[in-house]
Amino acid sequence: MLAESAFQKTIKLAGGHDAEAWFDLAFVYVGRQNYDEAFKSFRNAVKYGSVAAASHNNLGVIYAMKGNMKMAFKEIETAKNLGFGLATDNLQNLQKFISTGDRTSISKLIINKNDGQN
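Analysis parameters
- Residues numbered from 1 in each chain as written.
- Predicted model: local features only at pLDDT ≥ 70, side-chain atom pairs only at ≥ 80, totals over all residues.
- Heavy atoms only, no water.
- Helix = DSSP H or I, 4+ residues; strand = E, 2+ residues; numbered from the N terminus.
- Rg over C-alpha atoms; globule rule 2.2 N^0.38 Å.
- Areas by Shrake-Rupley, 256 points an atom, 1.4 Å probe, with all protein chains shown as cover.
- Lys, Arg positive; Asp, Glu negative; His and termini not counted.
- Charge placed at Lys NZ, Arg CZ, Asp CG, Glu CD.
- Expected span 1.5 Å × (residues − 1).
- Buried < 20%, exposed > 50% of the residue type's maximum accessible area, 1.4 Å probe, protein only.
- Contact = heavy atoms within 4.5 Å.
- Core = buried A, V, L, I, M, F, W, Y, C linked by side-chain atoms within 4.5 Å.
- Phe/Tyr/Trp six-rings, centres within 6.5 Å; stacked < 30°, edge-to-face > 60°.
- Lys NZ or Arg CZ within 6 Å of the ring centre and 35° of its normal.

## Here's the deal with the overall build of the chain
Inference 1: In terms of helices and strands, the chain carries seven helices and zero strands.
Inference 2: Mapped from its N terminus to its C terminus, the chain presents α and β elements in the order α-α-α-α-α-α-α.
Inference 3: Against the compact-globule benchmark of 13 Å for 118 residues, the chain has a radius of gyration of 14 Å, which places it among compact chains.
Inference 4: Of the roughly 6,300 Å² of accessible surface on the chain, a fraction of 52% belongs to carbon and sulfur atoms.
Inference 5: Within the chain, the 11 negative side-chain charges are centred at a point lying 5 Å from the centre of the 14 positive side-chain charges.

## Side note on helix α4 (residues 52–65)
Inference 1: The terminal C-alpha atoms of α4 lie 20 Å apart, and with 14 residues this matches the ideal 20 Å at 1.5 Å per residue to within 8%.
Inference 2: When you tally the buried positions in α4, you get 12 out of 14 residues, the bulk of the element.
Inference 3: The complete set of buried residues in α4 reads A53, A54, S55, H56, N57, N58, L59, G60, V61, I62, Y63 and A64.
Inference 4: The secondary structure elements touched by the buried residues of α4 are α2 (19–31), α3 (35–47), α5 (69–81), α6 (85–100) and α7 (103–107).
Inference 5: Of the residues one or two after α4, G67 is the one with positive phi, at around 90 degrees.

## A word on the nonpolar core
Inference 1: Counting residues in hydrophobic clusters, the biggest one holds 35 residues, and the most contacted among them are F42, A64, F84, L94 and I106.
Inference 2: If you list the elements that add at least two residues to this core, you get α2, α3, α4, α5 and α6.
Inference 3: Per element, the largest residue contribution to this core is nine residues, and it comes from α2.

## Describing unusual backbone geometry
Inference 1: Unusually for a residue other than glycine, Q33 sits at a positive phi of about 60 degrees.
Inference 2: Inspection of the secondary structure assignment puts Q33 in the loop between α2 and α3.
Inference 3: Residue Q33 is classed as exposed on the basis of its relative accessible area, which comes to 60%.

## What to know about the packing of aromatic side chains
Inference 1: The final tally for this structure, using the stated rule, is four aromatic pairs.
Inference 2: On the numbers, 5.1 Å between centres and 70 degrees between planes, the contact of F23 with F27 is edge-to-face. Of this pair, F23 and F27 both sit in helix α2, separated by four residues, roughly a single helical turn. The same class applies to F23 and to F27, which are both buried.
Inference 3: Through a chain of ring-to-ring contacts, the aromatic side chains of F23, F27 and F42 assemble into a single cluster.
Inference 4: A cation over an aromatic ring shows up here: K66 above the ring of F39, its NZ or CZ 5.6 Å from the ring centre.

As structure tokens, then:
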């Protein structure tokens, strides 16, 4: 709860425009498996411009978890095009699932847990 409160306060002080705080807040929600709130927070991280590649990757994984493969593919492909290395593997696993229905491919999708370019 402390981390969530701190990130929310930072966001509020920045008028809602602190992309790094949105990104970090998303992981509070990921840790709680609250993917709806994590999704909203990653969207705001993208909207306000920081860590965009990692956020696109993570949005794609959450879309896949929710069954929206079209948007999952779009977001993960965007992350790959921005040079986000992890997105390459995620995109291959997503493509394998789409073409074969192999559910183990979906389970291999990875949410990036830092703002570095993995």
